[in-house]
Amino acid sequence: RKEVEQDPGPFNVPEGATVAFNCTYSNSASQSFFWYRQDCRKEPKLLMSVYSSGNEDGRFTAQLNRASQYISLLIRDSKLSDSATYLCVVNKDNNAGNMLTFGGGTRLMVKP
Amino acid sequence: GAVVSQHPSRVICKSGTSVKIECRSLDFQATTMFWYRQFPKQSLMLMATSNEGSKATYEQGVEKDKFLINHASLTLSTLTVTSAHPEDSSFYICSARKRDRVSEQYFGPGTRLTVT
């Protein structure tokens, strides 16, 4: 079983749609959770951290369910520029410092 | 800011040759740098963790004699792919961590290596 699992997609949605991505992680000791965005042939860029209480940043909402070891990202009012691969990232081992484990990514295609 | 650069951005080399990739933190001191590899349509996989002034820690399955890492200063880490083969063709990305912000990593733009 992969440490961080995501549906690879692609998710093809029209502009303005709401889309949700899910992610599960296997290490119950994981402490920090993030969503990164990666454009084709580029480095990943931090989109947002994910907090236990859930957090929102503009059109993006992230949720964490520690009991189910499940993370989600909701994108409202999708824009063409949201087309990218979204990576679910988990801190591998808090005691070792910030060791990130990446999910395989979910590809989003927003169409006009 | 926290800018990380990589050089070269793209390299094509012949099988059997060695390639060195540089990772620099431009405006901060990086006590720890990480090297990742990403094959097409796959996730980033951590190859090794590099701490300034000490030997790198390699992840399971990564050959330390093939992927030589040197973190000689607080702003520079290098990855040398020795005796490269076509299966080493990949996207290599480094990231750096600040001394006082251990919860954050800053990624370089990546180096695309093609071995012919």
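Throughout what follows, the structure given in this document is the object of discussion. This is a predicted model, so every value here is computed, not measured.

Brief notes about the sheet that holds strand β3 (residues 19–25) of chain B
Residues and elements named next belong to chain B. Pairing within the open sheet is antiparallel, and its four strands lie in the order β1-β3-β8-β7. In the strand order of this sheet, the two ends are held by β1 (4–7) and β7 (67–73), each with one partner. Adjacent strand axes in the sheet meet at a mean angle of 15°, parallel and antiparallel pairs treated alike. Strand direction decides the pairing type here: β3 and strand β8 (residues 76–81), joined by six bridges, are antiparallel. Counted as the bridge partner of R24 is L76 from β8.

Topic: the nonpolar core
Generally speaking, soluble globular proteins have nonpolar side chains that are buried together. With 25 residues, the main nonpolar core has V4(B), W35(B), F67(B), L79(B), Y92(B) and L113(B) as its most contacted residues. Elements represented by at least two residues in this core include exactly β2 (10–13), β3, β4 (30–38), β5 (45–51), β7, β8, β9 (90–98) and β11 (111–115) of chain B.

A closer look at the packing of aromatic side chains
Applying the stated criterion to the full structure yields eleven aromatic pairs over all chains. For the ring pair F102(A) and F107(B), a centre distance of 5.9 Å and an interplane angle of 80° mean the geometry is edge-to-face. Taken together, the positions of F102(A) in strand β10 (residues 100–102) and F107(B) in strand β10 (residues 106–107) put the pair across two chains. Here the two residues F102(A) and F107(B) agree in accessibility, since each one is buried. Here the aromatic residues F34(A), Y36(A), F102(A), Y36(B) and F107(B) are joined through ring pairs into a cluster of three or more. Note that K66(B) overlies the ring of F67(B), its terminal NZ or CZ placed 5.9 Å from the centroid.

Criteria and cut-off values
- Residues numbered from 1 in each chain as written.
- Chains lettered and ligands numbered in written order.
- Predicted model: local features only at pLDDT ≥ 70, side-chain atom pairs only at ≥ 80, totals over all residues.
- Heavy atoms only, no water.
- Pairing = 2+ DSSP bridges.
- Helix = DSSP H or I, 4+ residues; strand = E, 2+ residues; numbered from the N terminus.
- Axes fitted to C-alpha atoms, helices over the stretch in contact; angles between N-to-C directions.
- Core = buried A, V, L, I, M, F, W, Y, C linked by side-chain atoms within 4.5 Å.
- Buried < 20%, exposed > 50% of the residue type's maximum accessible area, 1.4 Å probe, protein only.
- Phe/Tyr/Trp six-rings, centres within 6.5 Å; stacked < 30°, edge-to-face > 60°.
- Lys NZ or Arg CZ within 6 Å of the ring centre and 35° of its normal.

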